[in-house]
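The residues making up each chain are set out below.
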Amino acid sequence: MTATVWAAIGQFGILLVLLAAVHLPLGAYMARVYSSPHHTRVERAWYRTLRVDPDAEQRWSTYLLSLLGFSLASVLLLYALGRLQAHLPWNLGFSGLDPATAWNTAVSFTTNTNWQSYSGEAAAGHLLQMAGLTVQNFVSAAVGMAVAIALVRGLARSGTDARIGNFWSDLTRGALRILLPIAVVGALVLAANGVIQSLDPHTAITTITGETQQALGGPVASQEVIKVLGTNGGGFFNANSAHPFENPNALTNLVEIFLILLIPSALPRTFGLMVGDRRQGWAILGVMTGLWTVATGLLTWAELAGPGLAPSLAGAAMEGKEARFGLAGTALFGAATTGTSTGAVDSMHDSLTAPGGGVAMFTMMLGEVAPGGVGSGLYGMLVLAVLTVFIAGLMVGRTPEYAGKKIGRGEITLVALYVLTVPAAVLLGSAISVVTGPGLAGIQEAGPHGLSEVLYAFTSASNNNGSAFAGLAAGTPYFNTMTGLAMLVGRFVPIALVLALAGRLASQNTVPASAGTLPTHRPLFVGLVGAVTLVVVGLTFIPVLSLGPVVESLS
Amino acid sequence: MKPTRTLWTALRLTLVLTVVLGIGYPLVVTAIGRVAFPAQAAGSLVRDDAGQVRGSALIGQSFLGSDGTPLPQYFQPRPSAAGYDAAASSGSNLGPEDAGLAAAVAQRRADVATFNAVREDQVPPDAVTASGSGLDPHISPQYAAIQVARVAAARGMTEDAVRALVAAHTQGRTLGFLGEPRVNVVTLNLALDG
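Every value quoted in this text rests on a predicted model; they were computed, and no experiment measured them.

## Regarding the interface of chain B and chain A
Contact residues are listed per partner, giving 90 residues for chain B and 101 residues for chain A. The contact between chain B and chain A buries some 7,800 Å² in all, and 67% of this surface belongs to carbon and sulfur atoms. The tally of links between chain B and chain A comes to 2 salt bridges. Here Glu319(A) ties to Arg108(B) by a salt bridge, and the two come within 4.0 Å at their closest N and O atoms. Inspection of the chain B/chain A interface yields 33 residue pairs in polar contact (both at pLDDT 80 or more). Residue assignment for the side of chain B that touches chain A shows that the elements contributing at least two residues are helix H1 (3–36), helix H2 (38–41), strand S2 (53–56), helix H3 (99–116) and helix H7 (185–193) of chain B. For the side of chain B that touches chain A, the element with the most residues is H1(B), which contributes 25 residues. When the residues that make up the side of chain B that touches chain A are grouped by side-chain class, the tally is 47 nonpolar, 29 polar and 14 charged.

Here you go:
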């Protein structure tokens, strides 16, 4: 056991070293990508094809409209690909998805949730995976980054009539200049280690004992890498990153964890550079790192200790976990996937220990800001920072300011609505599901674990995470529809509020810091933001957590 | 920009992105993978002495007789919620307090102890728990160790010879601290037959 603890500390250490090594260059690169006035030759041709002017600065409402239009087009195309699968090439003989599953899948991948109510190897052919799901893995991540950058511009700019950038250009650059190059390199690293990459169909082979088994084919590496890099999380196969063809060994496990955290942890640097005060970026990164380190420590402790009936009978909490990763590698992946909005899993979260499952759920409930999804983590954390300066301002009677912008009534209203949206979707969705017949019918386990299954589902969907306590029979029309709605609300309402906030901030003139300004780069502020995050989430969710994972831990 | 025009722009952009990221990118990666890592890209297939494909080194198999009982001449893998059906990867998704899971764990412990003629406290955790994928090809070195005598007896081999093969199919922690030491049941059993 001692060796396992040291291994756990070792892999955590090497992960932090790797992330630290790329933090400055990647953060600076992303700032250049989103600030440069130059378009590459390819991009110019691209914009001509689309007939858009990439240099036209959009007001926040136009930016939002473009974003919603793009997401609607994505949903429609993905829905069509799912429904028409039987008539398309490379379908491996699979039929089209039924309407509820196609709707849920289309919404799920467009909102960066990647909740999956279908089983990859049993329902999705190669074309649907590549042209449908892989594409949305890229662009839903690029959309999240675009929103975060728009908010950063709102803070950085002064008196611009609510103009916060050009959505078409931000989306294109995020996808082509940031995500695609990293994805190509990452896909080859994964493929070299055993992640499959082919267009072959599944073929029957004879096993060692003479039985028949399917030898799987598929463009997995190319999808796997963007699944984690874009904090999407939708597995090519049903078992997601627990599947040996998605995650063949402990090294790929660490590579996937690294890719999950890569962009979310580098974006605070981009923010610091773009607002012209790198210390602001460090402060945001400090809050993220602090929260995530505590969550990782608790989750690792819970899984290594293995409390509970079945784990103590077995000798360790190995149910639902792979031998090659072990307990420590699994816990680190679990903390990374729920701390971001990824939702990929390398173990079955329904079988986590009760405190481990509780930590995973609480990390998502934080709003996925530690360090959060690609883009969504940064804008979520900036909203909490604005809330913090407001609360601090109330306490000491100073006018709240953040990055030289006054936080007035309009701003704080948007922030308050942002903070309330997702909890409302989680709690209402869960509440409806435990009092209605179709909701109750999907629950696998009786008692508090059953409530945890439902609560995890709506927490995951509303926060656009996508991981599941998969004992819940989520493939029913009821859950497909309800979680689909939760995903839409949890994605686009906060985005609309953030863009409105960005517009208001961009219109303001920057005020120079005075003696009355609360410094937002000191450890005091870092601690305050962390505390505000925990208090807001705690007040919202502790009652329902008490009925689920807490009761289960105490039983 | 008018809403309808926005939607048309969005549709054009979605289509262009689909061509570049949904067709071009996966095909380029497939082409490079086929040239640079052909064995891995095709699924790390393993072959018997006659050159026939008998599985993948990464995907577990079941080693059961026609009546569903474990074959003594093969190392046995972990329990699987998917029955090692490669087309249906899955874990049990049973929670830690699930009564059925607790009963199953106790039953497996008794079965494994009897089958290998060892004490129940010698049975390691991985022998009584199902993996996340249901396709885990690995077992712990402890689980392999308690199976050596049984396999050797069933095959008329010396225990040392079997132990040497187990050692040849055991991997330590990657770089010394990543993951756990493990034995690949698929390649080990194939080597036993070879």
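Resuming the write-up.
## Details of the packing of aromatic side chains
Residue and element names in this part refer to chain A. Within this structure, the stated rule accounts for 11 aromatic pairs over all chains. Judged by centre distance (5.6 Å) and plane angle (80°), the ring pair of Tyr63 and Phe167 falls under edge-to-face. Taken together, the residues Tyr63 in helix H3 (residues 60–83) and Phe167 in helix H7 (residues 167–192) connect sequence positions 104 residues apart. Grouping residues by exposure puts Tyr63 and Phe167 together as buried. Taking the centre distance of 6.4 Å and the plane angle of 45° together, the rings of Phe458 and Phe479 count as tilted. Of this pair, Phe458 sits in helix H17 (residues 448–462) while Phe479 sits in helix H18 (residues 477–507), and the two are 21 residues apart along the sequence.

## Re the packing of helix H9 (residues 250–274) of chain A against helix H12 (residues 326–339) of chain A
Residue and element names in this part refer to chain A. Between H9 and H12, the least distance of the axes is 10 Å, while the angle of their chain directions is 20°. One finds that H9 runs roughly parallel with respect to H12. Of the two elements, H9 crosses H12, and the hand of that crossing is left-handed. For the pair formed by H9 and H12, the contact residues are Asn253, Leu254, Glu256, Ile257, Ile260 and Leu261 on the first element and Gly329, Leu332, Phe333 and Ala336 on the second. Considering only residue class, the contact of H9 with H12 consists of 7 nonpolar, 2 polar and 1 charged.

## A few points about the pairing of S2(B)
Relative to S2(B), strand S1 (residues 45–47) of chain B runs antiparallel, the two being bridged by 3 bridges. From the neighbouring strand, Arg47(B) faces S2(B), where its bridge partner is Val53(B).

## Things to note about the sheet that holds strand S3 (residues 138–139) of chain B
Residues and elements named next belong to chain B. One open sheet accounts for 3 strands, arranged S3-S5-S4; its pairing is antiparallel. Edge positions in the open sheet fall to S3 and strand S4 (170–171), since each of these has one partner strand only. Here S3 pairs with strand S5 (residues 182–184) via 2 bridges, running antiparallel. The residue bridging Ile139 from the neighbouring strand is Val183, located in S5. Packed on one face of the sheet, H7 meets S3 and S5 and runs near 50° to S5.

## Overview of the environment of Leu188(A)
Its place among the elements puts Leu188(A) in helix H7. We classify Leu188(A) as buried; its relative accessible area is 19%. Between the alpha carbons of Leu188(A) and Gly276(A) there is a distance of 36 Å; along the sequence they are 88 residues apart. Residues within four places of Leu188(A) in sequence aside, it is in contact with Val29(B), Ile32(B) and Phe37(B).

## Examining the domain arrangement of chain B
Annotation of chain B at the domain level lists domain 1 (1–42) and domain 2 (45–193). Computed from C-alpha coordinates alone, the two centres of domain 1 of chain B and domain 2 of chain B are separated by 40 Å.

## A few points about the pattern of salt bridges
Applying the stated criterion across every chain, the model contains 21 salt bridges over all chains. Residue Lys321(A) pairs with Glu303(A) through a salt bridge whose shortest N-O separation is 2.7 Å. Here the residue Lys321(A) occupies a position in the loop between helix H11 (309–314) and H12, and Glu303(A) occupies one in helix H10 (residues 278–305), the gap between them amounting to 18 residues. Both residues of the pair, Lys321(A) and Glu303(A), belong to the buried class. Two residues, Asp193(B) and Arg155(B), come together in a salt bridge whose shortest N-O distance is 2.9 Å.

Reading the values: the criteria
- Residues numbered from 1 in each chain as written.
- Chains lettered and ligands numbered in written order.
- Predicted model: local features only at pLDDT ≥ 70, side-chain atom pairs only at ≥ 80, totals over all residues.
- Heavy atoms only, no water.
- Contact = heavy atoms within 4.5 Å.
- Buried area = accessible area lost by both parts, 1.4 Å probe.
- Salt bridge = Lys/Arg side-chain N within 4 Å of Asp/Glu carboxyl O.
- Polar contact = N/O pair within 3.5 Å; in protein donor to acceptor, adjacent residues only side chain to side chain.
- Helix = DSSP H or I, 4+ residues; strand = E, 2+ residues; numbered from the N terminus.
- Nonpolar A, V, L, I, M, F, W, Y, C, P; charged D, E, K, R; others polar.
- Phe/Tyr/Trp six-rings, centres within 6.5 Å; stacked < 30°, edge-to-face > 60°.
- Buried < 20%, exposed > 50% of the residue type's maximum accessible area, 1.4 Å probe, protein only.
- Axes fitted to C-alpha atoms, helices over the stretch in contact; angles between N-to-C directions.
- Parallel < 35°, antiparallel > 145°, perpendicular 65-115°, else oblique.
- Left-handed = near helix turned anticlockwise from the far one by under 90°.
- Pairing = 2+ DSSP bridges.
- Domains from an automatic or database assignment.

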